[in-house]
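An overview of the molecular structure
For reference, the chains in residue letters:
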There are 2 protein chains.
Amino acid sequence: MLDLDKFKLDERLEKDTFFVKDLKLSRLLIMNDSRYPWLILVPRVFFNKEPITELFELEDEQLLELQREVKIYSEFLKQEFQATKINVASLGNVVKQLHIHIVARYENDETWPAPVWGKGKASYYNDAELAEFSQKLQKN
Amino acid sequence: MLDLDKFKLDERLEKDTFFVKDLKLSRLLIMNDSRYPWLILVPRVFFNKEPITELFELEDEQLLELQREVKIYSEFLKQEFQATKINVASLGNVVKQLHIHIVARYENDETWPAPVWGKGKASYYNDAELAEFSQKLQKN
């Protein structure tokens, strides 16, 4: 059930990210870590008042919509930030609420070629950087 | 272009995995690491004689088919191995050929809750274990 009224973002995600906008299915967030252009999509889907946790719990149409949204923002990161590679992942071992990471990677980034999770310390955005990133996303 | 004749598996994937079967879109592989039930899907899609590298390079129908395949094998791992969480990821920082990891995770597995990549040493399957895992997959 896609229930916009009941949607509540996980507290850890709330703390680690900035709100950009609500898409048709997902909430679009910027991860507060300027080491990598890093977006998170959170499908606003609850079941029995709990957020779903696995991709396969999405109904077919929701999954299709999620893929559209992942595609739009993967291409955006690739082009806007001239990324070497886009990493897309649904992990959720720590934060249970289903969320999809879309991370722009570079051969000279801090953790390349390893995945970004749990490596080093996040570098927070300042207001100007955040406003610039967010503005670019508003157009997409 | 989905070109079955031209398909060639990346050498690193060839070395690290076992062939299970070709699905409609992807080649299904078992990662040779018995610490986690771990499958890999490799869409058999080439463009200009090179394997594609990003999810967003798939045509809409191919992406839809990939999602079907990801869903089938995620649910399979969840149910068959009573996984706590399924991790799904397309990274490709090392192996360029597009491939999707589907990994069954447990709260008591070796690297929980961190992602599995680049942690510790793979534990290889013996023939009996591999045959058993592969047989279960043949039915799905």
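The paragraphs below set out a description of the structure included in this document. (Residues numbered from 1 in each chain as written. Chains lettered and ligands numbered in written order. Predicted model: local features only at pLDDT ≥ 70, side-chain atom pairs only at ≥ 80, totals over all residues. Heavy atoms only, no water.)

With 31 residues of chain A in contact, the opposing surface of chain B contributes 31 residues. Overall, the association of chain A and chain B removes approximately 2,700 Å² of surface from exposure, summing both partners, and the carbon and sulfur fraction of that is 59%. Among the residues chain A hides against chain B, the three largest losses belong to F56(A), K85(A) and N93(A). Together they make up 26% of the total. Between chain A and chain B we count 4 salt bridges in total. The partner of K71(B) in a salt bridge is D60(A), and the shortest N-O contact between them spans 3.5 Å. Counting the contacts that link chain A with chain B gives 18 residue pairs in polar contact (both at pLDDT 80 or more). (Contact = heavy atoms within 4.5 Å. Buried area = accessible area lost by both parts, 1.4 Å probe. Salt bridge = Lys/Arg side-chain N within 4 Å of Asp/Glu carboxyl O. Polar contact = N/O pair within 3.5 Å; in protein donor to acceptor, adjacent residues only side chain to side chain.)

Turning our attention to helix 3 (residues 127–138) of chain A. All names here are of chain A. Taking 1.5 Å per residue, 12 residues should reach 16 Å; helix 3 reaches 16 Å between its end C-alpha atoms and fits that length. Every buried residue belonging to helix 3 is among L130, F133, S134 and L137, and all of these are buried. Buried residues along helix 3 cover an arc of 95 degrees about the axis, so they all sit on one side. Residues of helix 3 that are exposed and point more than 90 degrees away from the buried face comprise A128 and Q135. On its buried side, helix 3 packs onto strand 1 (17–22), strand 2 (26–31), strand 3 (38–43) and helix 2 (60–80). Capping the start of helix 3, N126 holds a side-chain oxygen 3.1 Å from the backbone nitrogen of A128, two or three residues further along. (Helix = DSSP H or I, 4+ residues; strand = E, 2+ residues; numbered from the N terminus. Expected span 1.5 Å × (residues − 1). Buried < 20%, exposed > 50% of the residue type's maximum accessible area, 1.4 Å probe, protein only. Arc of directions from axis to C-beta.)

Right, let's talk about the relation of the copies chain A and chain B for a bit. Of the two same-sequence chains, chain A is brought onto chain B (RMSD 0.0 Å, axial shift 0.0 Å) by a rotation of 180 degrees. The two molecules are tied by a two-fold rotation axis, judged by turn and shift. Looking at the rotation axis and the C-alpha trace of chain A, the residue lying nearest is A89(A), at 2.0 Å. Both copies present the same face, since 100% of the interface residues in chain A are matched by interface residues at the equivalent positions in chain B. (Least-squares fit on C-alpha atoms with pLDDT ≥ 70 in both.)

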